[in-house]
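Architecture at a glance
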Amino acid sequence: LYGLFTASIGVDDDIFGYFSSATVAIEAILLFLTSFAKKKRFFLLLTIGLTAEIVKLIFFSVPDMNEYFYLFSQLLRGITFGSYLASNVALIMDVLGEKYFSSGLFILTSFQQLALALINNISPSLVSLIGYNFTFLILLFISIASSLFLLLSKKNYNSLKEDRR
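Residues numbered from 1 in each chain as written. Predicted model: local features only at pLDDT ≥ 70, side-chain atom pairs only at ≥ 80, totals over all residues. Heavy atoms only, no water.

Points about the packing of aromatic side chains
- A complete count under the given rule lists 9 aromatic pairs for this structure.
- Judged by centre distance (4.8 Å) and plane angle (75°), the rings of phenylalanine 59 and phenylalanine 69 are edge-to-face. Placement of the pair is phenylalanine 59 in helix H3 (residues 42-61) and phenylalanine 69 in helix H4 (residues 67-74), with a sequence separation of 10 residues.
- Phenylalanine 59 sits in the partly exposed class, given a relative accessible area of 27%.
- Phenylalanine 69 sits in the partly exposed class, given a relative accessible area of 35%.
- Aromatic ring contacts, followed pair by pair, group Phe5, Phe60, Tyr70, Tyr132 and Phe136 into a single cluster.
- One residue, arginine 77, lies across the ring of phenylalanine 81, its end atom 4.5 Å from the ring centre. (Phe/Tyr/Trp six-rings, centres within 6.5 Å; stacked < 30°, edge-to-face > 60°. Helix = DSSP H or I, 4+ residues; strand = E, 2+ residues; numbered from the N terminus. Buried < 20%, exposed > 50% of the residue type's maximum accessible area, 1.4 Å probe, protein only. Lys NZ or Arg CZ within 6 Å of the ring centre and 35° of its normal.)

See the structure below:
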């Protein structure tokens, strides 16, 4: 969706490629740096990633901004995905342990890919109906709802951990 959007506002493919490469580099650096963080801080990492996603979607929801502002805000994706990767691995290991880690990671990855496939197939239809900015606004509200779910999950997770002790 972001590639289609930046193409629609006239960003050259090579410029978009440079920013995409920088985004992947940010993901890798963040993943490396978070590997040194405490393994039990996965909810903090998820919160950082979700906050970066929300900020990025706020920027993309604003119409008629400078194309380079959109490209720079796309760099927040590196923070988002780097945080998600680090937190998902730590959370699965904590909840399922080594024995079921591979299965848990497979199931989580499968659901993430399914969600991405749905978004990638639905988004072009939404864009043709309501435009890019409103489509990003819908994704923003979904992200905000996800943050509320994250808060509830953390509360339930902490109470479950207390019950185990």
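Past the structure itself, the notes keep going.
Here we look at the pattern of salt bridges
- Across all of its chains, the model carries 2 salt bridges by this definition.
- Here arginine 77 and glutamate 27 are joined by a salt bridge, their closest N and O atoms 2.6 Å apart. Separated by 50 residues along the polypeptide, arginine 77 in helix H5 (residues 76-130) and glutamate 27 in helix H2 (residues 13-34) bring together distant segments of the chain.
- Residue classification places glutamate 27 among the buried residues on the basis of a relative accessible area of 13%.
- Across the pair glutamate 53 and lysine 56 runs a salt bridge, and its minimum N-O distance is 3.2 Å. Taken together, the residues glutamate 53 and lysine 56, both in helix H3 and 3 residues apart, mark about one turn of the helix.
- Residue classification places lysine 56 among the buried positions, given a relative accessible area of 1%. (Salt bridge = Lys/Arg side-chain N within 4 Å of Asp/Glu carboxyl O.)

Treat this as a map of the structure, not an account of what it does.
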